[in-house]
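Descriptive structure summary
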Amino acid sequence: MQGIIASRPDTPDNLLTAAPRARIQARNAAPLASFDASTYSIQLSSDPAIYWTKAVINANLTHHMRAQIPAEEAKWEPCVGQVSQFASKRCTLLPVRGDAMLEAVVDRIGSLWDIDTSSLKQGLPIIRYLPGAPPVGIHGDMGHDGLVPTSTLVLYLTEGEGTSGQTFFPDAGINVIPRAGSILSWMNVDATGVPNSKAKHGVTAVSASAASDRLVVQIPVLHEAGRLAFAYPEHVSGNDVDHEADDGDINSLLEKLLGNDIKGATKKKSKAAARKKKEHDDDDSNGDDDDNDDEKDGPDDNNIKGTTKKKSKAVAREARDGDDDDDGDDDDD
């Protein structure tokens, strides 16, 4: 497949978190300064925007990452909202800080995608699929709190074998065979920031005879207008998952895996979620204020509308007040 040359200034602002920082290059094109000689990136789809970036990290770094992944089963937990799948799919966070090679991987990803990856130094989200794991159904990425990441990056740590463990996007007609050290990245939202149903994807079954577990690093990214996009250390599950987990379960898991670093690692994400909620509430309240069509309605409609409008305004004010209080709590860390 030939690569697509895409100049960064011509790329819509909210697509930058899925595209690598340097110019998308055709196969065999001379690499830019940010790329090693063996690294190139091609765009696989425009809607949704999907990119395949080859050899982001070399074989030595890939081997080192696999070697640091815990062998003790006690270090693994059910993926968020997927307790029933623990026999075949497990999650953990791989500590990064203090390991120079892992820190270099995190910094490199931040440089290539032009995102803040500092929170990932608290832990890299690892997903492990055991041999014989059933297929993962078609889904869109979503956090336990319902927040959809702007984009997702998946760093493969193991090689694919035939049709085993492929990532596929049915609407785009794309199947990707894992290649260790390479990254598949895609946008979860459209140009308006709304979740894009075409970004739904799945994973084919892992062969029972696979030589090893299927290992990936899952990196969710949030990007708000006027702010530097940032990655955060959290597993984002599909929206077809079980619903056993609640906020208490999530915090317990993060505390177990990250210890005292939980607040620092998730603070940016929490604030972004609060800002998005406030914008949504403000939009709703503005919509109520703009609804001044009483003259067009009958007498009974006017009475009903006047009563419900007061209630809607009160609810909107309470929501705004609550969000403002939440912002203050975030700053108390």
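The present account deals with the structure reproduced in this document. This structure is a prediction, so every number in the text was calculated from the model and none was measured.

Focus on the overall build of the chain
For the chain, the helix and strand inventory stands at 5 helices and 15 strands. Scored against the burial criterion, the 333 residues of the chain give a buried share of 48%. In the chain, the proportion of contacts linking residues at least 24 apart, taken out of those at least 6 apart, comes to 72%. For the chain, the computed accessible surface area is about 16,100 Å², with 50% contributed by carbon and sulfur atoms.

Quick look at the sheet that holds strand β12 (residues 201-203)
Across the sheet, 4 strands lie side by side as β6-β12-β9-β10; this open sheet has antiparallel pairing. The sheet terminates laterally at β6 (136-139) and β10 (174-176), the two strands that pair on one side only. With direction set aside, neighbouring strand axes in the sheet form an average angle of 15°. Relative to β12, strand β9 (residues 167-169) is paired through 2 bridges, and the arrangement is antiparallel. Bridging across to β12, F168 finds its partner in G202.

Considering empty space enclosed by the protein
What the rule picks out here adds up to 2 cavities of 30 Å³ or more. Its volume calculated, the largest cavity comes out at about 90 Å³. Together, T158, E159, G160, E161, S164, G165, P178, V206, A210, S212, D213 and R214 line the largest cavity.

Observations concerning the nonpolar core
Of all hydrophobic cores here, the largest spans 28 residues; its most connected members are M65, L124 and L155. The greatest single-element share of this core, amounting to 6 residues, is contributed by helix α2 (residues 100-113). If sequence neighbours within four positions are ignored, L155 has contacts with I57, M65, V105, I109, G181, S182, I183, L215, V216 and V217. Formed by 22 residues, the second largest nonpolar core is a distinct cluster that contains W52, Y156, I174 and W186.

Definitions and limits used
- Residues numbered from 1 in each chain as written.
- Predicted model: local features only at pLDDT ≥ 70, side-chain atom pairs only at ≥ 80, totals over all residues.
- Heavy atoms only, no water.
- Helix = DSSP H or I, 4+ residues; strand = E, 2+ residues; numbered from the N terminus.
- Buried < 20%, exposed > 50% of the residue type's maximum accessible area, 1.4 Å probe, protein only.
- Contact = heavy atoms within 4.5 Å.
- Areas by Shrake-Rupley, 256 points an atom, 1.4 Å probe, with all protein chains shown as cover.
- Pairing = 2+ DSSP bridges.
- Axes fitted to C-alpha atoms, helices over the stretch in contact; angles between N-to-C directions.
- 1 Å grid on protein atoms, 1.4 Å probe; cavity = no way out; pocket = protein on both sides within 12 Å on 5 of 7 lines; lining within 4 Å.
- Points joined across faces, edges and corners; volume = space filled by probe spheres on them.
- Core = buried A, V, L, I, M, F, W, Y, C linked by side-chain atoms within 4.5 Å.

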